[in-house]
Each structure stands twice: as structure tokens, then as C-alpha cells.
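The primary structure of each chain is shown beneath.
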Amino acid sequence: MRIIFLALIVFSCNNNVNLPKQKAYFAPEFEIPTYKKISSDCNYSFNINSQASINNIKNCNYEIYYKNLNAKIFINQIVLSNSIETVVNTFNQKINENSRLSDQIIQSNYVNIDKKIYSKLYSFVGNSPSNIQFYVTNQTDKFLTGSLFFETEPNYDSLFPYIDYIRNDIKKMVDSFRWIYE
């Protein structure tokens, strides 16, 4: 009787049973970022991740490209011909348009009164066309916007580690931002 019981145990252990795979999340590994200063002819400077490249598109509009992440941050300088409130309202309308596919919007502010840096950053939770949008202004005559886009179909769950990594870069960019007054 014991031999039959042991045989059943031994043979049942070798049985290849197909079990469902456990849910797992893709966890990309990122290098610890280092930053380089970018000075422009457009009267401002800021730091970007050394892994990214920057291209001047035209008229003080830039593209910060993360080749290894297939992501771009578009930086646009807006010449203030209207009041700052009008420009902020237009920016907020674009935020509302972008948020239609979002589940949640997370807003953060950055203010450095001594350096005349006022910034708002909007992070969109969900499959939005742009996952992060922000602006930097001196609240009088200078206004810069930024938008993060990926060169792929928006899938927030898959893109989240990349969004979080670039969000930290954007925070460093805003923190290092300086207006150059002539």
C-alpha cells in the first residue's frame, strides 16, 4: 500500500500542469540622469537630461527628443501680444481639450519669486494624447509652454514608467529655468 502511495506522489509531481501566468508589470531600467545646461538665444536657459537631444525648430520653439524612450517634449515660446490672463485662459482651454480622454488630472505649481519663475504642470492619468503639459512664465511679458508626446499609441499603463521618468526631468528643467534679461 505504501509503495502505491509513494508511486502516486512521485508520478503526480512530474505532471506538467499549465497554470495561468501571473500578472506582471514591465519595469524598465533607467540610467540615473545627469543634466546639462541649455542656453538659448531666446533669453532663457534651463537644464535637460544628458540622454536627450534638443533641436531648435524655429522662432525659439524647441523639441527635446528622448531617442531611447521614443518621446518628445515640445517647447513653445509665446510672444505676449495680449494680457497674461488671456494666454493662461487659452492654455487652460487646451488642457481641457486634452483631458477628454483622461481619468484624472494632477496639477502641481512651482514658484520662485526671486527669479520670476511661475509654473504649472499638468499630468494626465489615462490615455491622453499628451501625458504632461506645463508652462513657465514671469507673469509680465514671457510665456513658455511644454507638452510631452510619445511616438506610439497612448497606453497609460505601459507608458507610466516613462512618463514618471520624464516628469522628473521636467521638474528639474523648471527648477533650473532662468530668464535672461538684456
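Our subject in this report is the structure included herewith. (Residues numbered from 1 in each chain as written. Predicted model: local features only at pLDDT ≥ 70, side-chain atom pairs only at ≥ 80, totals over all residues. Heavy atoms only, no water.)

### Things to note about the overall build of the protein chain
Here is step 1 of the chain: A count of helices and strands for the protein chain gives 3 helices and 10 strands.
Here is step 2 of the chain: Secondary structure of the protein chain in N-to-C order comes out as α-β-β-β-β-β-α-β-β-β-β-α-β.
Here is step 3 of the chain: Counting all 182 residues of the protein chain, 40% fall into the buried class.
Here is step 4 of the chain: In the protein chain, the share of contacts with a sequence separation of at least 24, taken over all contacts with a separation of at least 6, comes to 49%.
Here is step 5 of the chain: Accessible surface for the protein chain amounts to roughly 12,000 Å². Of this, 51% is attributable to carbon and sulfur atoms. (Helix = DSSP H or I, 4+ residues; strand = E, 2+ residues; numbered from the N terminus. Buried < 20%, exposed > 50% of the residue type's maximum accessible area, 1.4 Å probe, protein only. Contact = heavy atoms within 4.5 Å. Areas by Shrake-Rupley, 256 points an atom, 1.4 Å probe, with all protein chains shown as cover.)

### Some remarks on the sheet that holds strand 3 (residues 53-58)
Here is step 1 of the chain: On the basis of which strands lie adjacent, the open sheet formed by 7 strands has the order 3-4-5-9-8-7-6 and antiparallel pairing. Edge strands, defined here as strands with exactly one partner in the open sheet, are strand 3 and strand 6 (102-112). Along the sheet, successive strands turn relative to each other by an average axial angle of 15°, direction set aside.
Here is step 2 of the chain: Against the sheet, helix 2 (residues 84-98) makes contact with strand 5 (71-79), strand 6, strand 7 (117-126), strand 8 (132-137) and strand 9 (142-150), and its axis sits at roughly 175° relative to strand 8, the strand it touches most.
Here is step 3 of the chain: Of the strands in this sheet, strand 4 (61-66), strand 5, strand 6, strand 7, strand 8 and strand 9 are in contact with helix 3 (residues 156-176), which crosses strand 7 at around 180°. (Pairing = 2+ DSSP bridges. Axes fitted to C-alpha atoms, helices over the stretch in contact; angles between N-to-C directions.)

### Some words on the state of the cysteines
Here is step 1 of the chain: According to the stated counting rule, one finds 1 disulfide in the structure shown.
Here is step 2 of the chain: The disulfide partner of Cys42 is Cys60, and the S-S distance across this bridge is 1.9 Å. The sign of the -95° torsion about the S-S bond sets the Cys42-Cys60 disulfide as left-handed. Note that Cys42 is positioned in the loop between strand 1 (35-39) and strand 2 (44-49) and Cys60 in the loop between strand 3 and strand 4, a separation of 18 residues in sequence. Here Cys42 matches Cys60 in class, with each residue buried. (Disulfide = S-S within 2.5 Å.)

### Some thoughts on the sheet that holds strand 2
Here is step 1 of the chain: Taken in spatial order, the 3 strands make up an open sheet running 1-2-10, and their pairing is antiparallel. The open sheet has two edge strands with one neighbour each: strand 1 and strand 10 (178-179).
Here is step 2 of the chain: Along the sheet, helix 3 contacts strand 1, strand 2 and strand 10; its crossing angle with strand 2, the most-contacted strand, is approximately 155°.

### Focus on the nonpolar core
Here is step 1 of the chain: Judged by nonpolar contacts, the single largest core of 34 residues is most densely connected at Tyr44, Ile64, Ile73, Ile75, Phe134 and Ile166.
Here is step 2 of the chain: Elements that contribute at least two residues to this core include exactly strand 2, strand 4, strand 5, strand 7, strand 8, strand 9 and helix 3.
Here is step 3 of the chain: A per-element tally of this core places helix 3 first, with 9 residues.
Here is step 4 of the chain: In contact with Ile166, not counting residues within four places along its chain, are Tyr66, Leu69, Ala71, Ile73, Leu148 and Phe150.
Here is step 5 of the chain: If you look at the next biggest cluster of nonpolar residues, it comprises 10 residues, including Leu80, Ile84, Val87 and Tyr135. (Core = buried A, V, L, I, M, F, W, Y, C linked by side-chain atoms within 4.5 Å.)

### So, the pairing of strand 8
Here is step 1 of the chain: Counting buried residues along strand 8, 6 of its 6 residues qualify, which places the element largely inside the surrounding structure.
Here is step 2 of the chain: As judged from the 6 bridges shared by strand 7 and strand 8, these two strands associate in the antiparallel manner. Within strand 8, the residue paired with Tyr118 across the bridge is Thr137.
Here is step 3 of the chain: Hairpin connection of strand 7 to strand 8: 5 residues between the antiparallel strands.
Here is step 4 of the chain: Here strand 8 pairs with strand 9 via 6 bridges, running antiparallel. The residue of strand 9 that forms the bridge with Ile132 is Leu148.
Here is step 5 of the chain: Linkage of strand 8 to strand 9, two consecutive antiparallel strands, is achieved through a turn of 4 residues, within which Gln139 is found at a positive phi near 70°.

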